[in-house]
Amino acid sequence: MKIMLAYDGSRNARLALAQTITMFRELRPHLILVAVAENPRDITSGNEDLFQQEVDELKQHLKEAIAVCENEEVTCETLMLEGDPRKMLLYATEKKFQPDMLVIARHSHEPDGGFIARSLTYFVDELDYMTFGSVSSFLARRVQCPLLILPSR
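To keep things clear, this report deals only with the structure shown in the data block. (Residues numbered from 1 in each chain as written. Predicted model: local features only at pLDDT ≥ 70, side-chain atom pairs only at ≥ 80, totals over all residues. Heavy atoms only, no water.)

Quick word on the overall build of the chain
The condition is simple: Every helix listed is a DSSP run of H or I at least four residues long, and every strand listed is a run of E at least two residues long, numbered separately from the N terminus. Using a 1.4 Å probe on the protein chains alone, a residue whose accessible area is under 20% of its type maximum counts as buried, one over 50% counts as exposed, and one in between counts as partly exposed. Residues are treated as being in contact if the distance between any of their heavy atoms lies within 4.5 Å.
Each helix and strand in the chain was counted, giving five helices and five strands. Counted from the first residue to the last, the chain has its helices and strands arranged as β-α-β-α-β-α-β-α-α-β. Burial analysis of the chain (153 residues in total) assigns 36% to the buried set. The contacts in the chain between residues at least 6 apart in sequence include a share of 75% that link residues at least 24 apart.

As for helix 3 (residues 85–97)
So the rule is basically this: The angle between axes fitted to the seven-residue stretch ending at a residue and the seven-residue stretch beginning at it gives the bend at that residue.
For helix 3, the principal kink sits at Y91 and spans about 30°. Within the span of helix 3, buried status applies to P85, R86, L89, L90, A92, T93 and F97. Buried residues belonging to helix 3 abut strand 1 (2–6), strand 2 (30–37), strand 3 (75–82), strand 4 (101–105) and helix 5 (135–142).

Description of the nonpolar core
To keep it simple, the criterion reads: Only buried Ala, Val, Leu, Ile, Met, Phe, Trp, Tyr and Cys residues count toward a nonpolar core, and they belong to the same one when joined by side-chain atoms within 4.5 Å.
With 22 residues, the main nonpolar core has L5, Y7, L17, L31, L33 and C69 as its most contacted residues. Secondary structure elements with two or more residues in this core: strand 1, helix 1 (11–24), strand 2, helix 2 (45–71) and strand 4. At six residues, helix 2 tops the list of elements feeding residues into this core. The contact partners of L5, leaving out residues within four places of it in the chain, are A16, L17, T20, I32, L33, V34 and V103. One finds M4, L89, A92 and F138 within the second-largest nonpolar core, a separate group that totals 17 residues.

Looking at the packing of aromatic side chains
Our working rule: Ring pairs shown here join Phe, Tyr and Trp side chains whose ring centres sit within 6.5 Å, with only the six-membered ring taken for Trp; geometry is labelled stacked below 30 degrees between planes, edge-to-face above 60, and tilted in between. Lysine and arginine charges are scored as sitting over a ring when NZ or CZ, respectively, is within 6 Å of the ring centre and within 35 degrees of the ring normal.
Scanning all chains against the criterion turns up zero aromatic pairs. Just above the ring of F138 sits the side chain of R86; from NZ or CZ to the centre is 5.0 Å.

What about the pattern of salt bridges?
Should their charged atoms come close, side chains of opposite charge can pair. Convention followed: Just to be clear on terms, a salt bridge is a Lys or Arg side-chain nitrogen sitting within 4 Å of an Asp or Glu carboxyl oxygen.
This model, assessed by the stated rule, comprises two salt bridges. A salt bridge links R25 to E72, with the nearest nitrogen and oxygen atoms 2.6 Å apart. Within this pair, whereas R25 is found in the loop between helix 1 and strand 2, its partner E72 is found in the loop between helix 2 and strand 3, the two being separated by 47 residues in sequence. Owing to a relative accessible area of 33%, R25 belongs among the partly exposed residues under this scheme. Close ionic contact of R86 with D84 constitutes a salt bridge, the shortest N to O distance being 2.9 Å. Given a relative accessible area of 24%, D84 falls into the partly exposed group.

Topic: helix 1
To keep it simple, the criterion reads: The span expected for a helix works out to 1.5 Å for each residue beyond the first.
With 14 residues, helix 1 should reach 20 Å at 1.5 Å per residue; the first-to-last C-alpha distance of 20 Å fits that figure. N12, A13, A16, L17, Q19, T20, I21 and F24 are the residues of helix 1 that are buried.

Concerning the sheet that holds strand 2
Basically, it comes down to this: Strand pairing follows a simple DSSP-based rule, namely that at least 2 bridges must link the two strands. Angular values range over 0 to 180 degrees, each being the angle between N-to-C directions of two axes fitted as lines to C-alpha atoms, with helices fitted over their stretch in contact.
The five strands lie next to each other as 3-2-1-4-5, forming an open sheet whose pairing is parallel. The two strands at the open ends of the sheet, each matched to only one other strand, are strand 3 and strand 5 (147–150). Neighbour to neighbour, the strand axes of the sheet diverge by 20° on average, direction disregarded. Here three bridges tie strand 1 to strand 4, and the two strands are oriented parallel to one another. Paired with L5 across the bridge in strand 4 is V103.

Here's the deal with unusual backbone geometry
Positive phi values are uncommon outside glycine, yet R28 reaches one of about 50°. The exposed category is assigned to R28, whose relative accessible area is 69%.

Written out as structure tokens, the structure reads:
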């Protein structure tokens, strides 16, 4: 079974990796870890430096995820893409790998917090969805393979 996992090294992505391994271990999955670096909006040296820093951090996160997979005796490979995460993940599922399933973690800026933090996060998520759409809602409408969206804890 080929399972593609959107992976950015965040707390939620690490949880999604662990949950995916736990849920599908018996099927002996082959994981494809995909990281997407967003392109800088304009070409200035400051933006290029920030972009290169993001790329370097994502590469390090992917190395750490490979180590987790090796430790759990799960085969994996990685793919690093540049651009809009929504479009790049869709591209990877349709044109590169045709996985049996795509797994993404629900993104949150505040993984932990009290009532006020959760309320603000909910409000921002709703505003985000109304104006831009989230990665998960974009993919849910377009991806051709089964999509598993794991909630943040």
